[in-house]
Amino acid sequence: MSYTIGVDVGGTYIKAGVIDNRGKIIDKTKILTNAKAGRDEVLENIFTVIDKLFSKQTTAIGVGVAGVVDPYDGVVIDTPNLPLHDVPLAGIIKSKFKKKTKLDNDANCFAIAEAKFGYGRKYKNFLCLTLGTGIGSALIFKGKLYLGNGNASELGHTTLHYKGTKCRCGNQGCVEEFISTRGLIKIAKSFGLKVNDPLDIFLAAERNNRKAKKTFEAYGEMLGVALANFVNAFDPEVIVLGGQIAGAWRFFNKTMVREMNKRSFVPACKIVRTELKGAGIVGAASLV
């Protein structure tokens, strides 16, 4: 049997898996991205996860990257959370491993996986958001991935506060600054929690720490504000959330839904947490 390898390159972790033609993950691995070490280190880490999974049965490699990419030429154009700028990543991987390789935005990969194997099978128009180091987004419109002129939709870099904190993209007050991991950590610190990682906040909430639970409630409110804007813009049938922070769903779900319903001009849609395991990996593999 032949298999494809899907690689999900995020700001914190690089995850990869071996995928069969039914979208099932046969084997997987992950390592730290180590983005601060620079371009060459990140490329080597991508090669490492592929090497671990590569076999004679590997037929192709699909890669999802957080940021602006050219899926036609396989180039990472720009990405705020990774040192990959104007990097022909698909070509580099194809040259090294001698296999067909395709590249796309990681949130697009997530949406493709949802459309083929997840909640998206039931809907023609839905929005996907990944909540992590950055905020990824993708829109499925009439059953197909909507790309606009090629790079829609970067909802994480729409503006919530025009004089807000400067984002890594260079803009001020981006959605990403409020509901990414750094936004969550900033909220936690405002409540007096000494944390450096979202997992710390989650574990504290699991122990019924009042400040940690309030952190997620406040986070849910900010997320709800952002979602209300997206509902007003696209009127999707459903919004699917994925990414690291989505794992804390039960701590922010109530305030998120309440705030979205309060602020949506059009009737608010249902929000669900993805049930796919490794959706980014499966979606990347689905590219090929």
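We now turn to the structure provided with this report.

What counts and how
Residues numbered from 1 in each chain as written. Predicted model: local features only at pLDDT ≥ 70, side-chain atom pairs only at ≥ 80, totals over all residues. Heavy atoms only, no water. Salt bridge = Lys/Arg side-chain N within 4 Å of Asp/Glu carboxyl O. Helix = DSSP H or I, 4+ residues; strand = E, 2+ residues; numbered from the N terminus. Buried < 20%, exposed > 50% of the residue type's maximum accessible area, 1.4 Å probe, protein only. Contact = heavy atoms within 4.5 Å. Arc of directions from axis to C-beta. 1 Å grid on protein atoms, 1.4 Å probe; cavity = no way out; pocket = protein on both sides within 12 Å on 5 of 7 lines; lining within 4 Å. Points joined across faces, edges and corners; volume = space filled by probe spheres on them.

### So, the pattern of salt bridges
Then comes step 1: Taken as a whole and judged by the stated rule, the model has eight salt bridges.
Then comes step 2: For Lys262, the salt bridge identified is with Glu259, shortest N-O distance 3.4 Å. Separated by three residues within a single helix, Lys262 and Glu259 lie in helix 8 (residues 249–263), roughly one turn from each other.
Then comes step 3: According to the relative accessible area criterion, Glu259 is buried, its value standing at 6%.
Then comes step 4: Several salt bridges share partner residues, and in doing so they unite Glu176, Glu177 and Arg182 into one network.

### Points about helix 9 (residues 279–286)
Then comes step 1: Burial within helix 9 is extensive, with eight of its eight residues counted as buried.
Then comes step 2: Residues of helix 9 that are buried: Ala279, Gly280, Ile281, Val282, Gly283, Ala284, Ala285 and Ser286.
Then comes step 3: The inward-facing, buried residues of helix 9 abut strand 1 (3–9), strand 2 (13–19), strand 3 (25–32), strand 4 (58–65) and helix 3 (106–117).

### Some details on the side chain of Thr133
Then comes step 1: Inspection of the secondary structure assignment puts Thr133 in the loop between strand 8 (126–131) and strand 9 (135–141).
Then comes step 2: On the basis of relative accessible area, Thr133 is assigned to the buried category, the value being 15%.
Then comes step 3: Once residues within four sequence positions are removed from consideration, Thr133 is found in contact with Gly11, Thr12, Asn81, Arg168, Glu176, Ser180, Thr181 and Arg182.

### What about helix 2 (residues 89–97)?
Then comes step 1: The complete set of buried residues in helix 2 reads Leu89, Ala90, Ile93 and Phe97. All buried residues of helix 2 lie within an arc of 100 degrees about the axis, which places them on one face of the element.
Then comes step 2: Two residues or fewer after helix 2 comes Lys98, characterised by a positive phi angle close to 60 degrees.

### Things to note about the layout of surface pockets
Then comes step 1: Approximately 1,200 Å³ is the volume found for the largest pocket.
Then comes step 2: For the largest pocket, the lining is made up of 48 residues, of which Asp8, Lys15, Gly242, Gly243 and Gln244 are closest to its centre.
Then comes step 3: For the lining of the largest pocket, the elements supplying multiple residues, two or more each, are strand 2, strand 3, helix 3, strand 8, strand 9 and helix 9.
Then comes step 4: Per element, the largest residue contribution to the lining of the largest pocket is four residues, and it comes from strand 3.
Then comes step 5: Considering only enclosed or pocket space, the second largest pocket measures out at about 460 Å³ in volume.
Then comes step 6: Residue lining of the second largest pocket: 17 residues in total, with Gly11, Thr12, Lys36, Thr133 and Arg168 positioned closest to the centre.
Then comes step 7: The element that contributes the greatest number of residues to the lining of the second largest pocket is helix 5 (residues 181–190), accounting for three residues.

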